[in-house]
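Each chain is listed here by its residues.
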Amino acid sequence: MSAVPLPAEAPTPSPAERKRALEELLRARRLQAEAPPLRGESRRLPLATGIAEVDALVGGGFPRGALSEVHGPASSGRTGVLLGLLARATRRGALAALVDPLDRLDPASAAAAGVDLVRLLWLRGPRVAPEELSANALAEATAAVATLASSGLFDVVALDLAGAGRERRRLPAATWLRLQRLVEDTATAVVLVAEEHVACSPGGATIALEPAAPRWSGPPGPARHLGALAARARAGRHGLRGADFALAAV
């Protein structure tokens, strides 16, 4: 009996190699003039979240060609607002991208919230504890956002910075200024999600979230279920306009 050598495992590509591959893929897709459309019909209207109270605070949705942000503590509804935004964009035929350096997205929850996962590009970082995230990894994540936003293919590109506050504060302030300038002449909305204020274009939207009491279904006791999460949203850097809303548990 002769031994058959097993094929050698392919080496894991470096971040630089993955970035080059992504850029080549996006460049090729832009050059395919006969390819089917990858986005919704109108690229002028703001991008709504589907949460009426939140959308009303920001003039109908997140503006295109601007850097916006959603921030608040845990259980304030920031993930629900993000999923609403991705769901509305992908359900109407657009492409969306989520750069997720801490691998926080739960695809099942996203699908339950209405996100069309086929139309969502999800760039995941290694699943590590927040304190193990390196500054280089976060710099690579912001570079990926810049690549995606400049491709012209995506209506929304989101960067989830929740849990990465320590390393985020080590990034140069020019990081966000470059993103603002990069997205200015595009039809893409770039949205940052974090625990606290990060950055916002002059024409972008800032939504600050505060948690409120959860809403339970059934009588008090161990058998009751979480029905919804109540929260309060405030718009603008000074939070002069606010609205209460609730997100159904999924």
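This text goes with the structure placed above it.
Since we're looking at a predicted model, the values are computed, not measured. (Residues numbered from 1 in each chain as written. Predicted model: local features only at pLDDT ≥ 70, side-chain atom pairs only at ≥ 80, totals over all residues. Heavy atoms only, no water.)

*Asks:* Could you clarify how one ought to interpret the overall build of the protein chain in this entry?
*Replies:* The secondary structure content of the protein chain amounts to seven helices and eight strands. The buried share of the protein chain, reckoned over its 250 residues, is 42%. Within the protein chain, contacts between residues separated by at least 24 positions form 71% of all contacts whose residues are at least 6 apart in sequence. Of the roughly 13,300 Å² that the protein chain leaves accessible, carbon and sulfur atoms contribute 56%. (Helix = DSSP H or I, 4+ residues; strand = E, 2+ residues; numbered from the N terminus. Buried < 20%, exposed > 50% of the residue type's maximum accessible area, 1.4 Å probe, protein only. Contact = heavy atoms within 4.5 Å. Areas by Shrake-Rupley, 256 points an atom, 1.4 Å probe, with all protein chains shown as cover.)

*Asks:* For this particular structure, what's the right way to read the environment of D55?
*Replies:* Mapping D55 onto the fold places it in helix α2 (residues 52–57). The exposure class of D55 is buried, given its relative accessible area of 8%. Along the chain, D55 and V81 lie 26 residues apart, while their C-alpha atoms are 9.9 Å from each other. Here D55 is in contact with A48, T49, G50, G60 and G61, once residues within four sequence places are set aside.

*Asks:* So what exactly am I meant to see when it comes to unusual backbone geometry here?
*Replies:* Glycine aside, residues mostly have negative phi, and peptide bonds are mostly found in the trans state. Here S75, not a glycine, exhibits a phi torsion of approximately 65°, which is positive. Note that S75 resides in the loop between β1 (66–71) and α3 (78–91). The residue D103 is not glycine, and still its phi comes out positive at about 55°. Tracing the backbone shows D103 in the loop between β2 (96–100) and α4 (107–112).

*Asks:* It is not clear to me how the pattern of salt bridges should be interpreted in this structure. Could you clarify?
*Replies:* Pairs can form between side chains of opposite charge once their charged atoms are near each other. The full count for this structure, using the stated rule, is ten salt bridges. Of the charged contacts, one joins D160 and R104 as a salt bridge, the two residues approaching to 3.5 Å between their closest N and O atoms. Of the two residues, D160 is situated in strand β4 (residues 156–160) and R104 in the loop between β2 and α4; the sequence distance between them amounts to 56 residues. In this structure R104 comes out as partly exposed when scored by relative accessible area, which is 41%. Through salt bridges with shared partners, a single ionic network connects R64, R92 and D155. (Salt bridge = Lys/Arg side-chain N within 4 Å of Asp/Glu carboxyl O.)

*Asks:* Is there a simple way to explain the nonpolar core in this structure?
*Replies:* Nonpolar side chains in soluble globular proteins tend to end up buried together. Ranked by size, the top nonpolar core spans 34 residues in total, and within it F62, V156, I207 and F245 carry the most contacts. Residue assignment for this core shows that the elements contributing at least two residues are α2, α3, β2, β4, β5 (189–194), β6 (206–217), β7 (225–235) and β8 (241–248). By residue number, the principal contributor to this core is α3, which donates seven residues. With residues up to four places along the chain from it excluded, the contact list for F62 reads P46, L47, T49, S68, E69, V70, L85, A189, V191, A205 and I207. (Core = buried A, V, L, I, M, F, W, Y, C linked by side-chain atoms within 4.5 Å.)

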